[in-house]
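What follows is each chain in one-letter form.
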Amino acid sequence: MNYARYLTAMSAAREPSAIRVLSEIVNRAPKSLISLAPGFPNPNTFPFKTASITLKNGKTIQFGEEMMKRALQYSPSAGIPELLTWLRQLQVQLHNPPTTHYPPSQGQMEICVTSGSQEGLSKVFEMLINPGDNVIVNEPVYSGTLQALQPMGCNIINVSSDEFGIIPDALKEILSKWTPEDSQDPEKNTPKFLYTVPNGNNPTGTSLTTERKEEIYKLARKYDFLIIEDDPYYFLQFSKSWAPTFLSMDVDGRVIRADSFSKVLSSGLRIGFLTGPKPFIERVVLHTQVSTLHPSTFTQLLVSELLHQWGEEGFLAHVARVIDFYRKQRDALLAAADKWLSDLAEWHVPAGGMFLWIKIKGISDTKQLIEEKAIKNQVLMVPGYAFFIDRSAPTPYFRASFSLASPEQMDVAFQRLAQLIKESL
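Residues numbered from 1 in each chain as written. Predicted model: local features only at pLDDT ≥ 70, side-chain atom pairs only at ≥ 80, totals over all residues. Heavy atoms only, no water.

K.L.:
Please explain the sheet that holds strand 15 (residues 397-401) as it appears in this structure.
P.N.:
The strands making up a sheet are joined through hydrogen bonds of the backbone, oriented either antiparallel or parallel. Spatially, 12-13-15-14 is the arrangement adopted by the 4 strands of the open sheet, whose pairing is antiparallel. For this open sheet the edge positions go to strand 12 (345-347) and strand 14 (382-383), each flanked by a neighbour on one side alone. Both strand 14 and strand 15 contribute to a ladder of 2 bridges, which runs antiparallel. Considered in strand 15, the bridge of Pro 383 is made with Phe 398. (Pairing = 2+ DSSP bridges. Helix = DSSP H or I, 4+ residues; strand = E, 2+ residues; numbered from the N terminus.)

As structure tokens, then:
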């Protein structure tokens, strides 16, 4: 693949930071090296000495004095080595990417740690999008993505979806405006990438089927566009069998995948990771070198120590417990919806994630109902317009989260909402 053709002029112009390169040499060097190069502050001046973190299983993670000095110091922009190694093994085990052993120039799989997946995605968008570029998303789409894309001046094209995600025939219809050969002509402005949340989509809770993913990937090959696989709810899939990922199908090296630990370890630690073709991941790391410098060393070490203590089997056992919790939460919200909203609204059962996407019957726009009336009645939800490209267009939808509220609170919330809907009809 010609990776250079996807890059913005700004991303293509990025050069390695000389100081960051020296810093990474220092991090790998033996103690015999006398370093007068990077401006690392002396850790003996830091006020923190040691730390002990107790896990729910009773075990602890200990940061002794030397570990603490490292945790509080600068670290490599791509991530600390031991965490990158663990994540690489995890991706190979879960997805077995065809690109794992490709040559670097041909899209060899690479990984970098990011300060949450949102930061990684923002850097990916900056790397790829010029004003006027065509990009494809499937509405309703995560509002954070829209807020990242819209100021960049790209043309956001919506592809229709249903309870099983993107409809491949709808994607074919969009792409039929071009020929496959047009992708080689910059003047034709063929779509640069498809962005999708394939599992437990926010806000709909839908998940793409294997068959649809295979059809979509074939279209990506035919029309030579990239796939940005934003998968923060991968570890919150409620079915026993998980569909293969786009990364697992990626024989060309055209998938950039964003993963997150926010939903299963901690949202506040801000640890995510990007997996994709080495030429792209290198560009993201160059951006990191001049923005955040690197993800937090402390939180990376904390997560790395936890993952190495657990091992992959322990991590996946924890994931299974988290899934069980959210499945019960989902079922509680569905029970409340069935009890109070069955005649007033309609919905699909979420296949994953944290959200129920509800369409109210007989009300064309939920904005006032959700933003004003519901709040006055002490119920907070998200009106549907937040997840559409045109936020001014009326929509009968709203999003309810089942992550935090108790089953009793869910029941009361939907009872109050039902009364408000009846009063509004």
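K.L.:
Can you walk me through the packing of aromatic side chains in this structure?
P.N.:
For any pair of aromatic rings, geometry is given as the distance between the ring centres together with the angle between the planes. One pass over the structure, following the stated rule, counts 18 aromatic pairs. For the ring pair Tyr 234 and Trp 242, a centre distance of 4.9 Å and an interplane angle of 75° mean the geometry is edge-to-face. Owing to a relative accessible area of 4%, Tyr 234 belongs among the buried residues under this scheme. A residue is classified by how much of its surface remains accessible, and Trp 242, at 27% relative accessible area, is partly exposed. Between Phe 325 and Tyr 326 the ring centres are 5.0 Å apart and the planes differ by 80°, which places this aromatic pair in the edge-to-face class. For Phe 325, a relative accessible area of 41% corresponds to the partly exposed category. (Phe/Tyr/Trp six-rings, centres within 6.5 Å; stacked < 30°, edge-to-face > 60°. Buried < 20%, exposed > 50% of the residue type's maximum accessible area, 1.4 Å probe, protein only.)

K.L.:
Just to check I follow, could you spell out the nonpolar core for this structure?
P.N.:
General note: in soluble globular proteins, nonpolar side chains tend to be found buried as a group. Leu 128, Phe 193, Leu 341 and Phe 414 are the most contacted members of the largest nonpolar core, which totals 95 residues. Looking at which element gives the most residues to this core, the answer is helix 11 (residues 297-340), with 15 residues. The residues contacting Phe 193, other than those within four sequence positions of it, are Phe 125, Leu 128, Ile 129, Asn 134, Val 135, Ile 136, Leu 149, Phe 225, Leu 226 and Ile 228. If you look at the next biggest cluster of nonpolar residues, it comprises 20 residues, including Val 159, Leu 175, Ile 216 and Phe 246. (Core = buried A, V, L, I, M, F, W, Y, C linked by side-chain atoms within 4.5 Å. Contact = heavy atoms within 4.5 Å.)

K.L.:
Please explain the layout of surface pockets as it appears in this structure.
P.N.:
Left-over empty space is what a probe sized like a water molecule reveals as it rolls over the atoms. In this structure, the largest pocket occupies an estimated 710 Å³ of space. Forming the boundary of the largest pocket are 22 residues, of which Val 26, Asn 27, Phe 40, Arg 70 and Gln 73 lie nearest the centre. Put simply, the parts of the chain that give the lining of the largest pocket at least two residues each are helix 2 (18-28), helix 3 (65-71) and helix 4 (81-95). Top element by residues in the lining of the largest pocket is helix 2. It accounts for 4 residues. Looking at the lining of the largest pocket residue by residue, the classes come out as 9 nonpolar, 7 polar and 6 charged. Forming the walls of the second largest pocket are 20 residues, and the residues nearest its centre are Lys 56, Leu 265, Leu 306, Trp 310 and His 318. Elements supplying a minimum of two residues to the lining of the second largest pocket: strand 1 (51-54) and helix 11. With 9 residues, helix 11 is the largest single contributor of residues to the lining of the second largest pocket. Residues belonging to the lining of the second largest pocket are distributed by class as follows: 12 nonpolar, 5 polar and 3 charged. (1 Å grid on protein atoms, 1.4 Å probe; cavity = no way out; pocket = protein on both sides within 12 Å on 5 of 7 lines; lining within 4 Å. Points joined across faces, edges and corners; volume = space filled by probe spheres on them. Nonpolar A, V, L, I, M, F, W, Y, C, P; charged D, E, K, R; others polar.)

K.L.:
Quick question: what am I supposed to make of the packing of helix 7 (residues 168-175) against helix 8 (residues 210-223) here?
P.N.:
Axis angle and axis distance: for two packed helices, these are the angle between their axes and the distance between the axes, and together they describe the pair. Where helix 7 contacts helix 8, the axes come no closer than 10 Å and their chain directions differ by 15°. In terms of orientation, helix 7 lies roughly parallel with respect to helix 8. For the pair helix 7 and helix 8, the sense of crossing is right-handed. Along the contact surface, helix 7 presents Pro 168, Leu 171, Lys 172 and Leu 175, while helix 8 presents Arg 212, Glu 215, Ile 216, Leu 219 and Tyr 223. (Axes fitted to C-alpha atoms, helices over the stretch in contact; angles between N-to-C directions. Parallel < 35°, antiparallel > 145°, perpendicular 65-115°, else oblique. Left-handed = near helix turned anticlockwise from the far one by under 90°.)

K.L.:
When you look at unusual backbone geometry in this model, what are you seeing that I'm missing?
P.N.:
The general pattern is negative phi for most residues beyond glycine and trans for most peptide bonds. For the bond from Glu 139 to Pro 140, the omega torsion is -10°, close enough to zero to count as cis. By secondary structure assignment, the location of Pro 140 is in the loop between strand 4 (134-137) and helix 6 (143-149). The omega angle of the peptide bond from Asn 202 to Pro 203 is 25°, so this bond is cis rather than trans. With respect to the helices and strands, Pro 203 occurs in the loop between strand 8 (193-196) and helix 8. The phi dihedral of Asn 189 is positive, around 55°, even though this residue is not glycine. Mapped onto the elements, Asn 189 comes out in the loop between helix 7 and strand 8. Residue class for Asn 189 comes out partly exposed when judged on its relative accessible area of 25%.

K.L.:
Where do I start with the pairing of strand 3 (residues 109-114) in this structure?
P.N.:
Regular strands place their side chains on alternate faces of the sheet. When you tally the buried positions in strand 3, you get 6 out of 6 residues, the bulk of the element. Residues Met 109, Ile 111 and Val 113 point to one face of strand 3 and Glu 110, Cys 112 and Thr 114 to the other, with burial holding for every one of them. Sheet topology places strand 3 next to strand 11 (residues 272-277); 6 bridges connect them, and they run antiparallel. Note on strand 11: the bridge partner recorded for Cys 112 is Leu 274.

K.L.:
Just to check I follow, could you spell out the pattern of salt bridges for this structure?
P.N.:
Opposite charge on two side chains permits them to pair, given that their charged atoms come into close proximity. Considering all chains together, one arrives at 24 salt bridges under this definition. A salt bridge links Glu 65 to Lys 49; its shortest N-O distance comes to 3.8 Å. Here Glu 65 is found in helix 3, whereas its partner Lys 49 is found in the loop between helix 2 and strand 1, with 16 residues between them in sequence. Note that Asp 162 and Arg 212 form a salt bridge whose closest N and O atoms lie 2.8 Å from each other. With Asp 162 in strand 6 (residues 161-162) and Arg 212 in helix 8, the pair connects residues that are 50 residues apart, well separated along the chain. Looking at Arg 212, the relative accessible area reads 15%, which means it is buried. Shared partners join several salt bridges into a network, and the residues in it are Arg 5, Arg 221, Asp 224, Asp 252 and Arg 254. (Salt bridge = Lys/Arg side-chain N within 4 Å of Asp/Glu carboxyl O.)

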